[in-house]
Amino acid sequence: MTILDKIIAFKKKEVAKIKAEVPVKKLVESPVFGRSTFSLKKSLLEVGSTGIIAEFKRQSPSKGIINDTATIEEVTNGYIEANVAAQSILTDTSFFGGTMADLMEARVINQYKPILRKDFIVDGFQIVESKAIGADVILLIAACLSKEQLKNYGKLATDLGLEVLYEVHNEEDLDKIELDNKIIGINNRNLKTFEVDLENSIKLASQIPDSCLKVSESGISDPRIISGLKEYGFQGFLIGENFMKTQNPGEACKEFISQIR
Ligand SMILES: O=C(O)c1ccccc1NCC(=O)[C@H](O)[C@H](O)COP(=O)(O)O
């Protein structure tokens, strides 16, 4: 059983419990449900976009505790000040120490840039929930969803005005997605070994059509990597640990962005 299998098994139980307690009607009544969303696609394609999607990440299965003192307020303000293209918030509690309240707090502060809800979507309920807590973008991980689920959940998100970052780890994942005009995130972290290999982005990039926006995810720790990945057509770069492991993630992000050539 891989860590992803464990997370998904846990998540399915967690979502079933929440669904039994919270009616969808309640989600739709959220004050932020009807707001218009910020587009990740637009933000990444904007002239002068840094392309950086900076993540708030307290802990992870691969690294344990990364930062248990940073606050959403200081990090969100720091990332915006650094001119990120978007912010990512891990809302999973059991494995990543995040919460939906983290995203809701970030949304109040961040009225400028898209927010990606980084979680493990296994049910359409979580997509409605994502809109209700103030997210602009959801993550759909191909490895843990069927072809049909990817299509249906993608449609539900779009109907709600949310964008989707489709995450792939290999060719098998890519084959499950209708690759036209999508935002595709290639994750460099092997979920069996936790090893990070940036070559994974390069290897899969050539199999993604130009109509898609390519995002490289995980293990990016040097601004020179960004220039290298840009040559393979990447326009988005999801970075968590490299910023969050420092005393001041916002400042680390600003410094990193200033060094991108
Ligand atoms: O980060 C992990 O250990 C992990 C383990 C299992 C599933 C997902 C995991 N991470 C989620 C992410 O995709 C990353 O948080 C994101 O790409 C940023 O990665 P990094 O810059 O390496 O923190």
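Residues numbered from 1 in each chain as written. Predicted model: local features only at pLDDT ≥ 70, side-chain atom pairs only at ≥ 80, totals over all residues.

- Per an unreviewed UniProt entry, the chain goes by the name indole-3-glycerol-phosphate synthase and belongs to Polaribacter pacificus.
- Within the UniProt record for the chain, the comment given under Pathway (unreviewed entry) is "Amino-acid biosynthesis; L-tryptophan biosynthesis; L-tryptophan from chorismate: step 4/5." (UniProt positions renumbered as here; feature names shortened; annotations may be inferred.)

1. Some thoughts on the site of the ligand
Turning to step 1, where the next piece is worked out: Neighbouring the ligand are 19 residues, the closest being S60, S62, S218, G240 and E241.
Turning to step 2, where the next piece is worked out: Those elements that provide at least two residues to the shell around the ligand are helix 1 (3–21), strand 10 (234–239) and helix 11 (241–244).
Turning to step 3, where the next piece is worked out: The class makeup of the residues in the shell around the ligand is seven nonpolar, seven polar and five charged. (Near = placed C-beta within 6 Å. Helix = DSSP H or I, 4+ residues; strand = E, 2+ residues; numbered from the N terminus. Nonpolar A, V, L, I, M, F, W, Y, C, P; charged D, E, K, R; others polar.)

2. Description of helix 12 (residues 249–258)
Turning to step 1, where the next piece is worked out: Burial in helix 12 covers these residues: P249, G250, C253 and F256. Buried residues of helix 12 fall within an arc of 125 degrees about the axis and therefore sit on the same side.
Turning to step 2, where the next piece is worked out: Where helix 12 is buried, its residues touch strand 1 (52–56), helix 4 (72–81), helix 10 (223–230) and helix 11. (Buried ≥ 20, exposed ≤ 12 C-beta atoms within 10 Å, placed from the backbone. Arc of directions from axis to C-beta. Contact = placed C-beta atoms within 7 Å.)

3. As for the sheet that holds strand 7 (residues 163–168)
Turning to step 1, where the next piece is worked out: Spatially, the eight strands close up into a barrel ordered 1-4-5-6-7-8-9-10, and their pairing is parallel. On average, each strand axis in the sheet is tilted by 25 degrees relative to the strand beside it, whichever way the strands run.
Turning to step 2, where the next piece is worked out: Taken together, the four bridges between strand 1 and strand 4 (residues 86–90) define a ladder with parallel strand orientation. Bridge pairing in strand 4 links F56 to I89. (Pairing = 2+ DSSP bridges. Axes fitted to C-alpha atoms, helices over the stretch in contact; angles between N-to-C directions.)

4. A word on the pairing of strand 1
Turning to step 1, where the next piece is worked out: Of all five residues that make up strand 1, five are buried, and the element is covered over most of its length.
Turning to step 2, where the next piece is worked out: Burial of strand 1 is two-sided: the residues I52, A54 and F56 facing one way and the residues I53 and E55 facing the other way are all buried.
Turning to step 3, where the next piece is worked out: Relative to strand 10, strand 1 runs parallel, the two being bridged by three bridges. Opposite I53, over in strand 10, you have L238 as the bridge partner.

5. Topic: unusual backbone geometry
Turning to step 1, where the next piece is worked out: Positive phi outside glycine occurs at N83, with the angle close to 70 degrees.
Turning to step 2, where the next piece is worked out: With respect to the element layout, N83 can be found in the loop between helix 4 and strand 4.
Turning to step 3, where the next piece is worked out: We classify N83 as partly exposed; it has 16 C-beta atoms within 10 Å.

6. Things to note about the packing of helix 4 against helix 12
Turning to step 1, where the next piece is worked out: With their axes 7 Å apart at the nearest point, helix 4 and helix 12 run at an angle of 15 degrees to one another. The pairing of helix 4 with helix 12 is recorded here as roughly parallel in orientation. You can see that helix 4 and helix 12 cross each other, and the crossing is right-handed. Touching E74, V75, N77, G78, Y79 and E81 of helix 4 are P249, G250, E251, C253 and K254, all from helix 12. (Parallel < 35°, antiparallel > 145°, perpendicular 65-115°, else oblique. Left-handed = near helix turned anticlockwise from the far one by under 90°.)

7. Considerations on the environment of G250
Turning to step 1, where the next piece is worked out: Inspection of the secondary structure assignment puts G250 in helix 12.
Turning to step 2, where the next piece is worked out: Measuring from C-alpha to C-alpha, the distance between G250 and I133 comes to 23 Å, with 117 residues separating the pair along the chain.

8. What about the environment of V22?
Turning to step 1, where the next piece is worked out: Among the structural elements, V22 can be located in the loop between helix 1 and helix 2 (24–28).
Turning to step 2, where the next piece is worked out: With 14 C-beta atoms counted inside 10 Å, the residue V22 sits in the partly exposed group.
Turning to step 3, where the next piece is worked out: Along the backbone, V22 and E73 are 51 residues apart, and their C-alpha atoms lie at a distance of 27 Å.

9. As for the nonpolar core
Turning to step 1, where the next piece is worked out: In terms of nonpolar packing, the biggest core is built from 67 residues, with I53, I138, L140, Y166 and F237 touching the most fellow members.
Turning to step 2, where the next piece is worked out: When residues of this core are assigned to their parent elements, the largest contribution, five residues, is made by strand 6 (residues 137–141). (Core = buried A, V, L, I, M, F, W, Y, C linked by C-beta atoms within 7 Å.)

10. Re helix 4
Turning to step 1, where the next piece is worked out: Along helix 4, the residues classified as buried are I72, V75, T76, G78 and Y79. Down the axis, helix 4 shows its buried residues gathered within 165 degrees of arc, on one side only. Away from its buried face, by an angle of more than 90 degrees, helix 4 presents the exposed residues E73 and E81.
Turning to step 2, where the next piece is worked out: Buried residues along helix 4 sit in contact with strand 1, strand 4, helix 5 (100–109) and helix 12.
Turning to step 3, where the next piece is worked out: One or two steps after helix 4, the chain reaches N83, where phi turns positive at roughly 70 degrees.

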